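One-letter residues, chain by chain:
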Amino acid sequence: MLPYSLMLFMLMMMAGVASTSMFLSKYQYLSNMGKIYERKVSIAHGVMLSIDRGTVGTFVHHGSFGQTESKTSQLSDQHMVMEITYQSTDKVFMPVLVVYNKDTKHIIDWK
């Protein structure tokens, strides 16, 4: 009887450790994906604000997820280029370059 209860106890302990590990990895995945979506939303919001503003210069927007800085300059008579940098509380991300048509406000290139 004792060996079977020991095996049952070990099986229950292994299942508990495996489920805890699975829960923690799922929580870490959701946490990372939340940060990625926060960055994407902040950059898209910064692009929309800069396109609506439509002037050359630097614009800083403090949002609920972090700070978005856009530097807009004129590429040609019709095209504008902006560099969007997103900064969260603990990290600064690589800048995103967006080229758009000044008249139609259509995005031509997004890198």
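For the structure itself, consult the block above.
Residues numbered from 1 in each chain as written. Predicted model: local features only at pLDDT ≥ 70, side-chain atom pairs only at ≥ 80, totals over all residues. Heavy atoms only, no water.

## Points about the sheet that holds strand β2 (residues 67-74)
Within the open sheet, the 5 strands sit side by side as β1-β2-β3-β4-β5. Their pairing is antiparallel. Two strands bound the open sheet, and with one partner strand each, they are β1 (57-62) and β5 (107-110). The average angle at which neighbouring strand axes cross in this sheet is 20°, direction not considered. Here 3 bridges tie strand β4 (residues 96-101) to β5, and the two strands are oriented antiparallel to one another. Pairing of Val 99 across the sheet is with Asp 109, part of β5. Each of β1, β2, β3 (79-87), β4 and β5 touches helix α1 (residues 2-53); the most contacted strand, β3, lies at about 145° to it. (Pairing = 2+ DSSP bridges. Helix = DSSP H or I, 4+ residues; strand = E, 2+ residues; numbered from the N terminus. Axes fitted to C-alpha atoms, helices over the stretch in contact; angles between N-to-C directions. Contact = heavy atoms within 4.5 Å.)

## Points about the side chain of Ser 42
When you line up the elements, Ser 42 lands in helix α1. For Ser 42, a relative accessible area of 10% puts it in the buried group. Non-local contacts of Ser 42, meaning those with residues more than four positions away in its chain, are made with Phe 65, Thr 68 and Tyr 86. (Buried < 20%, exposed > 50% of the residue type's maximum accessible area, 1.4 Å probe, protein only.)

## Digging into the pattern of salt bridges
Applying the stated rule across the entire model yields 1 salt bridge. A salt bridge links Asp 109 to Lys 111, with the shortest nitrogen-to-oxygen separation between them at 3.6 Å. (Salt bridge = Lys/Arg side-chain N within 4 Å of Asp/Glu carboxyl O.)

## Thoughts on unusual backbone geometry
Despite not being glycine, Lys 105 has its phi angle at roughly 60°, a positive value. For Lys 105, the position within the fold is in the loop between β4 and β5. Residue Lys 105 is classed as partly exposed on the basis of its relative accessible area, which comes to 42%.

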